[in-house]
Amino acid sequence: MIGLAEIRAARERIADVAVRTPLIRLRLDEAPAEIYLKLETLQPINSFKIRGAANAIRSAPADARAAGLLTASAGNMAQGVAWVARELGLEATIAVPEHAPQAKIAAIRRLGGRVLPIPYEQWWEAIVTSRIDGEHGLFVHPVADRGVMAGNGTIGLEILEDLPRPDAVVIPFGGGGLTVGIASALRALSPDTKIYTAEPETGAAFAAALAAGEPTEVAYEPSFVDGSGSRRVLDQMWPLVSPLVDGAFSVSIADTAAAVRTLAERVRVIAEGAGALALAAALAGRAGGGKVVCIVSGGNINPGKLAEILTAPREGEDPQGGEG
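Source: prediction; values computed, not measured.

### Observations regarding the sheet that holds strand S9 (residues 247-251)
Phase 1 of the analysis: Here six strands make up an open sheet; going across it, the order is S1-S2-S10-S7-S8-S9 and the pairing mixed. The sheet is open, and its two borders are formed by strand S1 (23-26) and S9, each paired with just one other strand. Averaged over all neighbouring strand pairs, the angle between strand axes comes to 25°, with direction disregarded.
Phase 2 of the analysis: In this sheet, strand S2 (residues 34-39) lies alongside S1 in antiparallel orientation, the contact comprising four bridges. Across the sheet, residue Arg25 finds its bridge partner in S2, namely Tyr36.
Phase 3 of the analysis: Those strands touched by helix H8 (residues 177-189) are strand S7 (168-172), strand S8 (194-200) and strand S10 (291-296), and its axis lies near 165° from that of S7.

This is how it looks when you write it as structure tokens:
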């Protein structure tokens with residue numbers, strides 16, 4: 001658990017770079033709860049990752065980061081590290097899995113980051129070991145860095161300022177750093193709020209770990225939900241995140257795509273797959289009734305994939321535009 005003092009210090013440290021994002025009501029007559037959306041898509045890099053990256057890097061000693069910055073990321077943490085590296089005049093090298101979306105890779109390069117595509121197994125090894133073979137610099141872990149988690153926790157402070165005592169908060173689970181940060185703030189300030197995670201069913205490692213009582217290997221299949229899902233919960237994250245969570249949801253790819261579409265059509269918000277996971281779970285009624293907050297964690301989706309989702313016919317709809 002991250003202390004409130006650390007989270008509040010992070011808030012001050014990143015105030016000039018991270019946006020205080022709005023919490024808006026999703027008004028759907030068919031919704032099973034009073035759903036609110038925390039729009040981290042509005043951050044400078046269109047993802048919450050700017051919070052943790054800025055806090056971890058800015059709080060590191062200058063000599064530790066002098067040789068440059070490294071991270072392993074599917075895209076959003078990479079952009080956060082590249083953004084702060086550019087601000088500090090440092091080089092940033094980012095290892096990305098070969099299936100990372102081109103929209104995220106292009107954004108990393110636009111920010112001046114050096115992209116190092118590697119096979120998924122090697123990329124996962126970099127996350128496990130906090131190092132990239134042949135590269136030197138300060139490794140900013142995308143998940144298991146206390147500074148990163150404290151930066152993420154600032155989201156929890158903002159939620160409670162806008163909506164005191166929500167009944168539940170649903171958080172997309174990638175590696176657990178977002179969950180630990182937000183949950184730490186919620187447990188300290190609103191202990192009765194239920195905390196749930198959401199993962200794609202193609203890599204629901206945390207849901208499997210909760211069911212087994214310990215980290216366990218699961219089958220992992222890459223999908224457009226590239227910012228969430230893995231083959232195993234990191235051993236160092238398990239004792240941090242497991243006591244903070246009330247339940248974990250495995251969400252289908254189809255339901256996630258439908259939530260992306262709902263966000264675009266009803267709120268005019270562009271969300272990536274991971275950013276729509278929490279809403280998909282909430283719309284299915286899995287977080288219960290009352291006031292449910294969904295973390296819309298990012299909006300970096302390939303335009304082609306977004307177009308595919310938005311133009312796909314709904315069930316019972318004629319592909320030519322008429323009713324079936």
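### Structural notes on unusual backbone geometry
Phase 1 of the analysis: The backbone of Ser130 sits at a positive phi, close to 60°, despite the residue not being glycine.
Phase 2 of the analysis: With respect to the secondary-structure elements, Ser130 resides in the loop between helix H6 (120-129) and strand S6 (138-139).
Phase 3 of the analysis: In this structure Ser130 comes out as partly exposed when scored by relative accessible area, which is 33%.
Phase 4 of the analysis: With a phi angle near 55°, Arg165 is a residue other than glycine that sits in the positive phi range.
Phase 5 of the analysis: Of note, Arg165 is situated in the loop between helix H7 (146-162) and S7.
Phase 6 of the analysis: We classify Arg165 as exposed; its relative accessible area is 65%.

### What about the nonpolar core?
One recurring pattern in soluble globular proteins: nonpolar side chains tend to sit buried together.
Phase 1 of the analysis: Ranked by size, the top nonpolar core spans 49 residues in total, and within it Trp123, Val293 and Ile295 carry the most contacts.
Phase 2 of the analysis: Not counting residues up to four positions away in its chain, the partners in contact with Val293 are Leu23, Tyr36, Lys38, Ile159, Leu163, Pro166, Ala168, Val169 and Val170.
Phase 3 of the analysis: Grouped together as the second largest cluster of nonpolar side chains are 36 residues, Ala198, Ala287, Val296 and Ile301 included.

### What about empty space enclosed by the protein?
Phase 1 of the analysis: Evaluated as defined, the whole model comprises one cavity of 30 Å³ or more.
Phase 2 of the analysis: Approximately 500 Å³ is the volume found for the largest cavity.
Phase 3 of the analysis: As for the largest cavity, its lining consists of 37 residues, of which Lys49, Gly174, Gly175, Gly227 and Ser228 are closest to the centre.
Phase 4 of the analysis: Elements represented by at least two residues in the lining of the largest cavity include exactly helix H4 (76-88), H6 and H8.
Phase 5 of the analysis: By residue number, the principal contributor to the lining of the largest cavity is H6, which donates four residues.
Phase 6 of the analysis: Broken down by class, the residue content of the lining of the largest cavity amounts to 16 nonpolar, 16 polar and five charged.

### Comments concerning the pattern of salt bridges
Phase 1 of the analysis: All told, the structure shown has 16 salt bridges when counted by the stated rule.
Phase 2 of the analysis: Here Asp16 makes a salt bridge to Arg58, at a shortest N to O gap of 2.6 Å. With Asp16 in the loop between helix H1 (4-13) and S1 and Arg58 in helix H2 (residues 49-59), this residue pair connects regions lying 42 residues apart in the sequence.
Phase 3 of the analysis: Accessibility expressed as a relative area gives 22% for Arg58, which makes it partly exposed.
Phase 4 of the analysis: One salt bridge connects Arg51 with Glu40, and the closest N-O pair in it is separated by 2.8 Å. Here Arg51, found in helix H2, pairs with Glu40, found in the loop between S2 and H2; they are eleven residues apart in sequence, far enough to count as distant. Neither Arg51 nor Glu40 differs from the other in exposure class; each is buried.
Phase 5 of the analysis: Within this structure, Arg11, Arg20, Glu161 and Asp162 form a network of salt bridges that share partners.

### So, the packing of H2 against H7
Phase 1 of the analysis: Between H2 and H7, whose axes approach to 7 Å, the crossing angle comes to 135°. As far as their axial angle goes, H7 and H2 are oblique. Taken as a pair, H2 and H7 cross one another with a handedness that is right-handed. Touching Arg51, Gly52, Asn55 and Ala56 of H2 are Gly147, Val148, Ala150, Gly151, Asn152, Thr154, Ile155 and Glu158, all from H7.
Phase 2 of the analysis: Here the residues of the contact of H2 with H7 sort into four nonpolar, six polar and two charged.

Conventions adopted
Residues numbered from 1 in each chain as written. Predicted model: local features only at pLDDT ≥ 70, side-chain atom pairs only at ≥ 80, totals over all residues. Heavy atoms only, no water. Pairing = 2+ DSSP bridges. Helix = DSSP H or I, 4+ residues; strand = E, 2+ residues; numbered from the N terminus. Axes fitted to C-alpha atoms, helices over the stretch in contact; angles between N-to-C directions. Contact = heavy atoms within 4.5 Å. Buried < 20%, exposed > 50% of the residue type's maximum accessible area, 1.4 Å probe, protein only. Core = buried A, V, L, I, M, F, W, Y, C linked by side-chain atoms within 4.5 Å. 1 Å grid on protein atoms, 1.4 Å probe; cavity = no way out; pocket = protein on both sides within 12 Å on 5 of 7 lines; lining within 4 Å. Points joined across faces, edges and corners; volume = space filled by probe spheres on them. Nonpolar A, V, L, I, M, F, W, Y, C, P; charged D, E, K, R; others polar. Salt bridge = Lys/Arg side-chain N within 4 Å of Asp/Glu carboxyl O. Parallel < 35°, antiparallel > 145°, perpendicular 65-115°, else oblique. Left-handed = near helix turned anticlockwise from the far one by under 90°.

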